[in-house]
Amino acid sequence: MLSYRAALRRVAALGPHVVSLAFVTLCLFLTVLAVTTPWAPLPRPVIAAAGLAGTGAVWFRGRWPVAVAVAGAGAYVLSGNPGPLLISLFSGAGTRFAALAAIGMAGFLAQQWVDGGRLGTDTLISALTATGVTLAAGAYVTTRRELTRSLRERAERAETEQRLRNEQARSAERGRIAREMHDVLAHKITLISLHAGGLEVNGSAGPERVEREAALIRVSAQEALEELRKILGVLRAGPDDDDDGFPDLRRLVDSWVSVGGAVTLHGDIGTWPRETARAAHRLVQEGLTNAHKHANGAPVTVTATGSREDGVTIVVANGRSPRPSLETGAGVGLVGLAERFLLIGGTVRGGPDDAGGWRLEGRLPWHAADASPGESHDQNTGG
């Protein structure tokens, strides 16, 4: 079945042909009346021929309005049938108004002269009235039709643009969810893998260590699930609606040290604004995860400094790995970091350093001046 819009489009496409057929039929009927009455003092064959010629020309009024008007004026003078002339003036009023007005006046005056043999003021007034009313009605209908078409096209364009915006919003939301999941889950799952690997390579570990490692795996898994739940619940509301506590860089570093990671934290970490602390935590999280993935066993140094005057700088640097990894990442984490930092006026740079390691650096402006005391976090005290 055709949809409603498709049916309307087909009817609109057939509309001009249907109207032309109706006009031709009307002119044929008037020609028959002009021949049988008759409406002109000329012989009936001349009346019939002139009426049929003017009627046939009506079909092409949209393509050649001036020529059809001339044919209609001649048919009116010879046959007395005003149909072709009125229809041509009405249909072409929106394009050649002045030329059609002149042709209409000439046609009406010529017919009056042929019919009565004289021209007077009343004849001039009637010709002017007939021409003016027909052209005014045609111009009004044409303008209204163009306005309706313009409004319809504008509505369809707006609908198309809205659909594209919705698709872009959905795509952006899916990308945002993917980046947030990568930021959180990759780190947690890496820790779980490290704990599980420690148990695997130390099969002779005592019950106490097995119990401790199993507890750490359980806690990390629960935290990952909780983070996932929070992401799905907060993403649509926006980051400003996230009322979770401040992330703690010291606790993050300690979680890696507890599984044997050679991670050192340096810097004067003071009271930071909420968004700054969250972005810094994400950068360190991404840097530690990538260091384990691509430079497993290499020492990692986390340096974080900040002040109201200079902003906040976070650097995660790892040395050359004793066991280089051939694995290449998808780059989703760095893309998410760059977008997160960009939103709050920061920058992220990552690349190899001179010693053969990797350096990830992020710079953020200081926003504590815009935050209330409850919206800042003292990294030295763990919040």
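In what follows, the structure referred to is the one given above.
Owing to the predicted nature of the structure, the values given are computational and were not obtained by experimental measurement.

### Remarks on the side chain of Thr55
- Of note, Thr55 is situated in helix H2 (residues 44-58).
- For Thr55, a relative accessible area of 2% puts it in the buried group.
- Contact partners of Thr55, with chain neighbours within four places excluded, come to Val24, Cys27, Leu28, Thr31 and Pro84.

### Observations regarding helix H5 (residues 97-116)
- The first and last C-alpha atoms of H5 sit 28 Å apart over 20 residues, in line with the 28 Å expected at 1.5 Å per residue.
- Those residues of H5 that sit buried are Leu100, Ile103, Gly104, Met105, Gly107, Phe108 and Gln111.
- Among the residues trailing H5, Gly117 stands out with phi positive, at a value near 80°.

### Considerations on the sheet that holds strand S1 (residues 263-266)
- Strand order in the open sheet made by the 5 strands is S1-S3-S4-S6-S5, with mixed pairing throughout. The open sheet has two edge strands with one neighbour each: S1 and strand S5 (347-352). Taking the axes of each pair of neighbouring strands and ignoring which way they run, one obtains an average angle of 10° across the sheet.
- For S5 and strand S6 (residues 358-364), the ladder comprises 6 bridges, and the chain directions are antiparallel. Following the sheet pairing, Thr347 is matched in S6 by Arg363.
- Against the sheet, helix H8 (residues 249-257) engages S1 and strand S3 (300-307), with an angle of about 160° to S1.

### Brief notes about a nonpolar patch on the surface
- Residues Leu21, Trp59, Phe60 and Trp64 make up a contiguous nonpolar surface patch of about 440 Å² in total accessible area.
- In this fold, Trp59 is placed in the loop between H2 and helix H3 (65-79).

### Observations regarding the pattern of salt bridges
- Taken as a whole and judged by the stated rule, the model has 4 salt bridges.
- Linking Glu146 and Arg149 is a salt bridge whose minimum nitrogen-to-oxygen distance equals 3.0 Å. With Glu146 and Arg149 both in helix H6 (residues 121-201) and 3 residues apart, the pair spans about one turn of that helix.
- Take Glu146: its relative accessible area is 39%, and that puts it in the partly exposed class.
- Arg349 is paired through a salt bridge with Glu361; the nearest N and O atoms lie 3.4 Å apart. Here Glu361 lies in strand S6 and Arg349 lies in strand S5, a separation of 12 residues in the sequence.
- Residue Arg349 is classed as exposed on the basis of its relative accessible area, which comes to 56%.
- Each of Arg349, Arg359, Glu361 and Arg363 takes part in a single network of salt bridges with overlapping partners.

### Section: the packing of aromatic side chains
- Taken as a whole and assessed by the stated rule, the structure comprises 2 aromatic pairs.
- Measuring from centroid to centroid gives 6.0 Å for Phe60 and Trp64, while their planes differ by 40°, and the two rings are tilted.
- The exposure class assigned to Phe60 is partly exposed, which follows from its relative accessible area of 40%.
- On the basis of relative accessible area, Trp64 is assigned to the partly exposed category, the value being 45%.
- Residues Tyr76 and Phe108 carry aromatic rings whose centres are separated by 5.5 Å and whose planes lie at 75° to one another, so their mutual orientation is edge-to-face. Here Tyr76, found in helix H3, pairs with Phe108, found in helix H5; they are 32 residues apart in sequence, far enough to count as distant.
- In this structure Tyr76 comes out as buried when scored by relative accessible area, which is 10%.
- Between the NZ or CZ atom of Arg63 and the centre of the ring of Trp64, over which it lies, the distance is 5.3 Å.

### Considerations on the pairing of S6
- Of the pairings in the sheet, the one linking strand S4 (residues 311-318) to S6 comprises 7 bridges and is antiparallel in character. Paired with Val315 across the bridge in S6 is Glu361.
- Counted along the chain from S5 to the antiparallel partner S6, the turn is 5 residues long, and its residue Gly356 has a positive phi close to 90°.

### A few points about the packing of H2 against H3
- Relative to each other, H2 and H3 sit at 160°, their axes nearing to 8 Å. Classified by the interaxial angle, the pair formed by H2 and H3 is roughly antiparallel. The chirality of how H2 crosses H3 is left-handed. When H2 is examined against H3, the residues Ile47, Ala50, Gly51, Gly54, Ala57 and Val58 are found in contact with a partner set consisting of Val68, Ala71, Ala75, Leu78 and Ser79.

### Overview of the environment of Thr303
- Following the sequence through the fold, Thr303 ends up in strand S3.
- C-alpha separation for the pair Thr303 and Glu361, spaced 58 residues apart in sequence, amounts to 9.4 Å.
- For Thr303, the contacting residues outside a window of four places in its chain are His266, Thr313, Ile314 and Val315.

What counts, and where the lines are drawn
Residues numbered from 1 in each chain as written. Predicted model: local features only at pLDDT ≥ 70, side-chain atom pairs only at ≥ 80, totals over all residues. Heavy atoms only, no water. Helix = DSSP H or I, 4+ residues; strand = E, 2+ residues; numbered from the N terminus. Buried < 20%, exposed > 50% of the residue type's maximum accessible area, 1.4 Å probe, protein only. Contact = heavy atoms within 4.5 Å. Expected span 1.5 Å × (residues − 1). Pairing = 2+ DSSP bridges. Axes fitted to C-alpha atoms, helices over the stretch in contact; angles between N-to-C directions. Patch = residues over 30% accessible without salt bridge, like charges linked within 9 Å, V, L, I, M, F, W, Y side chains within 5 Å. Areas by Shrake-Rupley, 256 points an atom, 1.4 Å probe, with all protein chains shown as cover. Salt bridge = Lys/Arg side-chain N within 4 Å of Asp/Glu carboxyl O. Phe/Tyr/Trp six-rings, centres within 6.5 Å; stacked < 30°, edge-to-face > 60°. Lys NZ or Arg CZ within 6 Å of the ring centre and 35° of its normal. Parallel < 35°, antiparallel > 145°, perpendicular 65-115°, else oblique. Left-handed = near helix turned anticlockwise from the far one by under 90°.

Read these as geometric descriptors, not functional statements.
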